[in-house]
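Here is how the chains run, residue by residue.
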Amino acid sequence: MTPGQIYKRLLGYAQKYWPAFLLAVLGMAIIAGTEAGFAWLMKPMLDGSFVEKDPVIIKWIPFALLLIVLVRGIAGFVSSYGMAYVGRNIIRDMRRQMFSQLMHLPTAYYDKNSSARLTSKLIYDVGMVAQAATGAVTIIIRDTFTIFGLMFMMFYTSWKLALVFMILAPVITLLVVSVSKRFRRISQRIQASMGDVTQISQEITEGHRVIKMFGGIEVEEKHFSRINEDNRRQNMKLETTRAVSVQISQLLGACGLAVILYFATSEEMLKNLTVGTFMQFLTASMLLLAPMKRLTMVQATVQQGIAAAQSVFELLDEDEERNTGTKEIKRAKGKVEFRNVVFSYDSDEDREKGQAKGEVLSNINFIAEAGETIALVGRSGSGKSTLASLLPRFYDVTEGEILLDGVPVQELTMENLREQIALVSQDITLFNDTITKNIAYGALAEMSEEDILRAAEAAHALEFIRELPDGFDTVIGDKGVLLSGGQRQRIAIARALLKNAPLLILDEATSALDTESERNIQEALGGLMKNRTTLVIAHRLSTVEDADKILVLHDGCIVESGTHQELLTVNGKYAALYKVQFSDDLEQSE
Ligand SMILES: Nc1ncnc2c1ncn2[C@@H]1O[C@H](COP(=O)(O)OP(=O)(O)OP(=O)(O)O)[C@@H](O)[C@H]1O
Ligand SMILES: [Mg+2]
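Now for a look at the structure at hand. Quick caveat, the model's predicted, so the values are computed rather than measured. (Residues numbered from 1 in each chain as written. Chains lettered and ligands numbered in written order. Predicted model: local features only at pLDDT ≥ 70, side-chain atom pairs only at ≥ 80, totals over all residues. Heavy atoms only, no water.)

**Remarks on a positive patch on the surface**
And step 1. On the surface, a cluster of positive charge is made up of Arg-182, Arg-185, Arg-189 and Lys-237.
And step 2. If you tally residues by element for the positive patch, the top one is helix 7 (residues 168-206), at 3 residues.
And step 3. Here Arg-185 is to be found in helix 7. (Patch = residues over 30% accessible without salt bridge, like charges linked within 9 Å, V, L, I, M, F, W, Y side chains within 5 Å. Areas by Shrake-Rupley, 256 points an atom, 1.4 Å probe, with all protein chains shown as cover. Salt bridge = Lys/Arg side-chain N within 4 Å of Asp/Glu carboxyl O. Lys, Arg positive; Asp, Glu negative; His and termini not counted. Charge placed at Lys NZ, Arg CZ, Asp CG, Glu CD. Helix = DSSP H or I, 4+ residues; strand = E, 2+ residues; numbered from the N terminus.)

**Brief notes about the packing of aromatic side chains**
And step 1. Counting across every chain of the model gives 11 aromatic pairs.
And step 2. Centre to centre, the rings of Tyr-345 and Tyr-395 are 5.0 Å apart; their planes meet at 90°, and the pair counts as edge-to-face. Taken together, the residues Tyr-345 in the loop between strand 1 (336-343) and helix 12 (348-353) and Tyr-395 in the loop between helix 13 (384-390) and strand 4 (399-404) connect sequence positions 50 residues apart.
And step 3. Using a relative accessible area of 34% as the deciding quantity, one classes Tyr-345 as partly exposed.
And step 4. Between the aromatic rings of Phe-431 and Tyr-441, the centroid separation amounts to 4.5 Å while the plane-to-plane angle is 10°, which identifies the pairing as stacked. A residue pair is termed long-range when its members are at least 10 positions apart, and Phe-431 in the loop between strand 6 (421-424) and helix 15 (435-439) and Tyr-441 in the loop between helix 15 and helix 16 (449-458) qualify at 10 residues.
And step 5. Take Phe-431: its relative accessible area is 34%, and that puts it in the partly exposed class.
And step 6. Each member of the aromatic cluster is reached from another via a ring pair, and the members are Phe-343, Tyr-345 and Tyr-395.
And step 7. Geometry around Phe-313 places Arg-9 over its ring, the cationic atom sitting 4.1 Å from the centre. (Phe/Tyr/Trp six-rings, centres within 6.5 Å; stacked < 30°, edge-to-face > 60°. Buried < 20%, exposed > 50% of the residue type's maximum accessible area, 1.4 Å probe, protein only. Lys NZ or Arg CZ within 6 Å of the ring centre and 35° of its normal.)

**Remarks on the nonpolar core**
And step 1. If you look at the biggest cluster of nonpolar residues, it comprises 47 residues, and the most contacted ones within it are Ile-439, Ile-465, Val-544 and Tyr-574.
And step 2. In terms of residue count, helix 18 (residues 485-499) provides more of this core than any other element does, 7 residues in total.
And step 3. When residues of this core are assigned to domains, at least three fall in each of domain 2 (329-420 + 503-563) and domain 3 (428-500).
And step 4. When sequence neighbours within four positions are dropped, the list of residues in contact with Val-544 reads Ala-375, Val-377, Val-536, Ala-538, Ile-550 and Tyr-574.
And step 5. Membership of the second largest hydrophobic core comes to 38 residues, among which are Tyr-13, Met-94, Met-98 and Ala-130. (Core = buried A, V, L, I, M, F, W, Y, C linked by side-chain atoms within 4.5 Å. Domains from an automatic or database assignment. Contact = heavy atoms within 4.5 Å.)

**Looking at the coordination of the magnesium ion (ligand 2)**
And step 1. The magnesium ion (ligand 2) binds to the protein through Ser-385 (OG) and Gln-426 (OE1); the donor distances cover 1.9 to 2.2 Å. You can see Ser-385 sitting in helix 13 and its partner Gln-426 sitting in the loop between strand 6 and helix 15, a full 41 residues away along the chain.
And step 2. According to the relative accessible area criterion, Gln-426 is partly exposed, its value standing at 44%. (Donors = N, O, S within 2.8 Å, 3.2 Å for Na, K, Ca; no water.)

**Considering the site of ligand 1**
And step 1. In the region of ligand 1, 14 residues are neighbours, and Ser-380, Lys-384, Ser-385, Thr-386 and Gln-426 sit closest.
And step 2. Within the side chain of Tyr-395, a nitrogen or oxygen atom sits 3.5 Å from a nitrogen atom of ligand 1.
And step 3. Within the side chain of His-539, a nitrogen or oxygen atom sits 3.0 Å from an oxygen atom of ligand 1.
And step 4. Contact with the protein chains covers 64% of the free accessible surface of ligand 1, which is 630 Å².
And step 5. Among the elements that take part in the shell around ligand 1, helix 13 stands out by supplying 3 residues, more than any other. (Near = heavy atom within 4 Å. Polar contact = N/O pair within 3.5 Å; in protein donor to acceptor, adjacent residues only side chain to side chain.)

**Concerning the packing of helix 5 (residues 115-157) against helix 6 (residues 159-166)**
And step 1. As a packed pair, helix 5 and helix 6 sit with axes 6 Å apart at the nearest point and diverge in direction by 135°. Looking at the two axes, helix 5 sits oblique to helix 6. Listed contacts from helix 6 to Met-151, Met-154, Phe-155 and Thr-157 of helix 5 are Trp-159, Ala-162, Leu-163, Phe-165 and Met-166. (Axes fitted to C-alpha atoms, helices over the stretch in contact; angles between N-to-C directions. Parallel < 35°, antiparallel > 145°, perpendicular 65-115°, else oblique.)

**Here we look at helix 3 (residues 55-104)**
It helps to recall that an α-helix has 3.6 residues per turn; residues three or four apart then point in one direction.
And step 1. Spanning 50 residues, helix 3 covers 74 Å between terminal C-alpha atoms, matching the ideal 74 Å at 1.5 Å per step.
And step 2. Of all the bends in helix 3, the greatest reaches close to 30° and is centred on Ile-61; the proline Pro-62 follows between one and four positions later. (Expected span 1.5 Å × (residues − 1). Bend = angle between axes of the 7 residues up to and from the residue.)

**Observations concerning the sheet that holds strand 10 (residues 557-562)**
And step 1. Spatially, 6 strands are ordered 6-7-8-3-9-10 in an open sheet, and the strand pairing comes out mixed. The sheet terminates laterally at strand 6 and strand 10, the two strands that pair on one side only. Between one strand axis and the next, the sheet turns by 15° as a mean value, whatever way the strands run.
And step 2. As judged from the 5 bridges shared by strand 3 (residues 373-378) and strand 9 (residues 549-554), these two strands associate in the parallel manner. Looking across to strand 9, one finds that Ile-374 is bridged to Lys-549.
And step 3. Each of strand 6 and strand 7 (503-507) is contacted by helix 18, which is oriented at about 175° to strand 6, the strand it contacts most. (Pairing = 2+ DSSP bridges.)

**Looking at the sheet that holds strand 4**
And step 1. With respect to topology, 4 strands assemble into an open sheet ordered 2-1-4-5, the strand pairing being antiparallel. Either end of the sheet is taken by a strand with one partner, and the two such strands are strand 2 (361-368) and strand 5 (407-408).
And step 2. Note: strand 1 against strand 4, 5 bridges, orientation antiparallel. Bridge assignment links Val-342 to a residue of strand 4, and that residue is Glu-399.

**Some words on the pattern of salt bridges**
And step 1. Counted by the stated rule, this structure contains 22 salt bridges.
And step 2. With a shortest N-O distance of 3.7 Å, Glu-349 and Lys-353 are connected by a salt bridge. With Glu-349 and Lys-353 both in helix 12, this residue pair falls 4 residues apart, about one helical turn.
And step 3. Each member of the salt-bridge network shares a partner with another, and the members are Lys-16, Arg-92, Asp-93 and Arg-96.

**Focus on helix 11 (residues 275-316)**
And step 1. The terminal C-alpha atoms of helix 11 lie 60 Å apart, and with 42 residues this matches the ideal 62 Å at 1.5 Å per residue to within 8%.
And step 2. Burial analysis of helix 11 places 32 of its 42 residues in the buried class, the great majority of the element.

Rendered as structure tokens:
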């Protein structure tokens, strides 16, 4: 994106608030006018009061001065308020858009981008746009007006001297342009380093136990120092460039003044100039210095804003999940079919770069009739969770088809498809809220208290919830840290049960539980699983013995399938796995 395109897009956001914007611009024009008016006042003040001693002028000069300041004050308020109004509204709109975009991005985007970098975009980058959109834009518009107003005054007073001053214009433009480019480059680096700062902060807050246990304190401190130092260095570069450029622009202004003084005091000029006219001109050119300085200085903020806006727009332009399906089923019967499904995590980009890792699932074929329980077993990394994540379309298949009740899942709307599925995933997500809110999350918030109670009971969570100080109203901490691993799993199971969807996916849902609790839940689930299709993933084979069909996955292929008895008779991979576990269990119970 070129800076031009970014300006245009930002302007698009401002369009909605054009009345406030116009009012603010009007205020700025008035401010500029008062500045020129102040310079103009020099002539009647000096020539009228001191040289000609005109009594009328002597009387009204103080009032005129006061009036100018008063008008300037009101205009100043209007312009500040107006710009802040526009700016803050843009920021709110932008944040809302980013937030909504984040929730519609495909899972693969999250795999590739750290959550810390995304947080930094939402907080730091948007803040930078805000600064540029309010403060910087005000300065740019107001000071440009002011410069034009003062230049007008100067031409009006003495066009010859004004022309001399104009020689400076191209030099200053050149300075501003070359400095801007540098500002933008540095700003991009500062943004990246802010992302790094959030990243490492997040890692040390989340991983503080590992850091303490594995002697990571020193390493992390060194790592952070490096990032922190880089951030400091980039900011120093920005400030140095800003300071140097301001001084250069000041120097240029002073050169202009000197040249003017030189010419103005030449004999020929002195003949035509009164003291008042000369002071009028001189005041105007001196008043020019401040806006010139501010305009050069503000470039840094503007360029930071542009670099930040670019990073924001990049996020907004990411492709959303492909939600092109149009069909809806009310409540699926629950027949699931995988037809020649091939899947790889590689994106087209990876393939172009030659970083493709290849297929994770190849040629997967199976049918789960409505109401059946299908178990997926296999070694760690064989692709079980991957297979399960294709059904709710966290990822789309690379080849082949997945059908729900005979309809390809892509043809259903994303919302409708996901309504049909309840999922307990391998890593559980809980929110820093009460137990009730965690079980009845999102669309489930409407559920009655009785339903929530029943779901908690079926998940065998009721027993421990009752013992908590506030029962169902206990807040469970960030990611549920105040609960044990097994308790967290039971909350997640309760949530899935409450959803009462025709498809249930349990990915190692009871892995953190003791054998007895697991058996209890199994019994409770047994009843619930009767009228829904269930996909169970488990390492503990004793939990899947009763499944209608067991699929054995190996390196992304289904190598065996059948009931527990059938697979034992085949005496293949499943039988081998089973024997190992069975003898382990025997040993343990001895
Ligand atoms: N988000 C991802 N991006 C890229 N590759 C992935 C991703 N998730 C998993 N993989 C890879 O896909 C393969 C299968 O992983 P998967 O999580 O499906 O295994 P699994 O059978 O569920 O293992 P486990 O029993 O340990 O949970 C692994 O080799 C893993 O490295
Ligand atoms: Mg897994």
